[in-house]
Amino acid sequence: MKQAKPFSITKRQVWEAYKRVKANNGAAGVDGQTIEEFESNLEGNLYKLWNRLVSGSYLPPAVLRVEIPKGDGEIRPLGIPTVADRIAQMVIKQHWEPALEKHFHRDSYGYRPGKSALDAVGAVRERCWRNDWVLDLDIKGFFDNISHELMLKAVAKHTDEKWVLLYIERWLKAPIEKRDEALIYPDKGTPQGGVISPLLANLFLHYAFDQWMEREFPGISFARYADDAVCHCKTEAQAEMLKRELIERMEEVGLELHPEKTKIVYCQDDDRKQLYPRTSFDFLGYQFRARRSKNRYGKHFINFSPAISPKAAKAIRQEMRRWKLHRPS
């Protein structure tokens, strides 16, 4: 008599996950296998993955750590799972995400269906008109410092399916491989670049930030895109107080606000002429600052509004130079 598999994951779920991973493309992981190479034995590879997932025997391979330069001269570490592991993560993401979505905050915009960076920029734009001050937040090394204990506690709050809990814990603890270096076994963090990581990051900050703000500061609006967030305050004193409280809150959950990049900004315009050292901030590739605008009657005025940031514009110019387009003679 054939024994039933312990976990109810269908072959259709694995197939749909594969199609999403293929559409997203992506680099090879530690095994060097590309999507094209995975597809050379597609049926066999998908069956083997499904069989291990439903039996509970699937163990994630190491995540390949690569480092890419950021615009500010720092390095962003990315974790690249293997093709098979990306498919496995996509199985859980597609299964679990719809249940989580209904709990997330309306002003959480990052990596969510039906929401975008432009939605977040639009919300910040309108709220800067209604509030004189902004607290621009930057969480230092967010993805690398997520507490596994708190993360798994949040996951358990939203599912009692053993296979979801089992595999998320295994992904959190999966070893990290850097070229020509020994394996690293992390005790915190989730690799930035993993399929499941953005969903886990949103769940973590839902409790660490979104719900905390709603509970402790219901009168202060905010917009969050993954670990980038902007809070809108009525006064400088309110912004200072919120900053102090958020430093303590982040410490409680094992995180740290970046001491230089977290800053208070005055939203200066025609009606707000107080002198203050910081009157601009960048958010999702846009720089918010005082700009000369024209109303519908043709009258010019100074308005606090967004446009492409110098950093984003520089990155676009550099990318276009790499295209080596022929100039017309």
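Scroll up for the structure.
Residues numbered from 1 in each chain as written. Predicted model: local features only at pLDDT ≥ 70, side-chain atom pairs only at ≥ 80, totals over all residues. Heavy atoms only, no water.

1. Overview of the pattern of salt bridges
Note on pairing: side chains with opposite charge can pair once their charged atoms come close.
At step 1: For the structure on display, the rule yields 17 salt bridges.
At step 2: Between E97 and K93 there is a salt bridge; the shortest N-O distance is 3.3 Å. In this pair, E97 and K93 both sit in helix 4 (residues 83–101), four residues apart, roughly one turn of the helix.
At step 3: With its nearest N and O atoms 3.0 Å apart, the salt bridge here joins D136 to K263. (Salt bridge = Lys/Arg side-chain N within 4 Å of Asp/Glu carboxyl O. Helix = DSSP H or I, 4+ residues; strand = E, 2+ residues; numbered from the N terminus.)

2. Overview of the nonpolar core
When a protein is soluble and globular, its nonpolar side chains tend to lie buried together.
At step 1: Grouped together as the largest cluster of nonpolar side chains are 70 residues, with contacts concentrated most on I87, W96 and I168.
At step 2: The greatest single-element share of this core, amounting to eleven residues, is contributed by helix 8 (residues 197–216).
At step 3: Among all residues touching I168, those that are not within four sequence positions of it are I92, W96, L152, V155 and L200.
At step 4: Listed in part, the 17 residues of the second largest apolar core include V121, V134, C267 and F281. (Core = buried A, V, L, I, M, F, W, Y, C linked by side-chain atoms within 4.5 Å. Buried < 20%, exposed > 50% of the residue type's maximum accessible area, 1.4 Å probe, protein only. Contact = heavy atoms within 4.5 Å.)

3. What about unusual backbone geometry?
At step 1: The phi torsion at A226 lies on the positive side, around 55°, for a residue other than glycine.
At step 2: Even without being glycine, L284 reaches a positive phi, approximately 55°.
At step 3: Within the secondary structure, L284 sits in the loop between strand 8 (281–283) and strand 9 (286–294).
At step 4: For L284, a relative accessible area of 24% gives the class partly exposed.

4. Quick word on the sheet that holds strand 1 (residues 63–69)
At step 1: Read across the open sheet, the three strands follow the order 2-1-4; overall the sheet is mixed. Of all strands in the sheet, those with a lone pairing partner are strand 2 (75–80) and strand 4 (176–178), marking the two edges. Direction aside, the axes of adjacent strands within the sheet are offset by 40° on average.
At step 2: Taken together, the six bridges between strand 1 and strand 2 define a ladder with antiparallel strand orientation. (Pairing = 2+ DSSP bridges. Axes fitted to C-alpha atoms, helices over the stretch in contact; angles between N-to-C directions.)

5. Examining the packing of aromatic side chains
At step 1: Scanning all chains against the criterion turns up 14 aromatic pairs.
At step 2: Centroid distance F281 to F288: 4.8 Å. Interplanar angle 0°. Geometry classified as stacked. No difference in accessibility class separates F281 from F288, as the two residues are buried.
At step 3: A connected cluster of aromatic rings, assembled from ring pairs, spans F7, Y58, Y167 and W171.
At step 4: Looking at K11, its charged tip hangs above the ring of W50, at a distance of 4.9 Å from the centre. (Phe/Tyr/Trp six-rings, centres within 6.5 Å; stacked < 30°, edge-to-face > 60°. Lys NZ or Arg CZ within 6 Å of the ring centre and 35° of its normal.)

6. What to know about a negative patch on the surface
At step 1: Taken together, the side chains of E245, E248, E251 and E256 define an acidic patch exposed on the protein surface.
At step 2: Looking at where E248 falls in the secondary structure, it is placed in helix 9 (residues 236–252).
At step 3: E248 gets classed as partly exposed once you look at its relative accessible area, which sits at 47%. (Patch = residues over 30% accessible without salt bridge, like charges linked within 9 Å, V, L, I, M, F, W, Y side chains within 5 Å. Areas by Shrake-Rupley, 256 points an atom, 1.4 Å probe, with all protein chains shown as cover. Lys, Arg positive; Asp, Glu negative; His and termini not counted. Charge placed at Lys NZ, Arg CZ, Asp CG, Glu CD.)

7. Thoughts on the sheet that holds strand 3 (residues 133–138)
At step 1: Taken in spatial order, the four strands make up an open sheet running 5-6-3-7, and their pairing is antiparallel. With partners counted over all chains shown, the strands left at the sheet margins are strand 5 (222–225) and strand 7 (263–266), one partner each. Each strand axis lies, on average, 20° off the axis of its neighbour in the sheet, ignoring direction.
At step 2: Note: strand 5 against strand 6 (residues 228–233), four bridges, orientation antiparallel. Bridge assignment links F222 to a residue of strand 6, and that residue is C231.
At step 3: Together, strand 3, strand 5 and strand 6 form the strand contacts of helix 5 (residues 117–130), whose direction differs from that of strand 5 by roughly 160°.

8. Concerning the pairing of strand 10 (residues 300–308)
A regular strand places its side chains so that they alternate between the two faces of the sheet.
At step 1: Two elements, strand 9 and strand 10, share nine bridges in a ladder whose sense is antiparallel. Following the sheet pairing, Q287 is matched in strand 10 by A307.
At step 2: Counted along the chain from strand 9 to the antiparallel partner strand 10, the turn is five residues long, and its residue G298 has a positive phi close to 85°.

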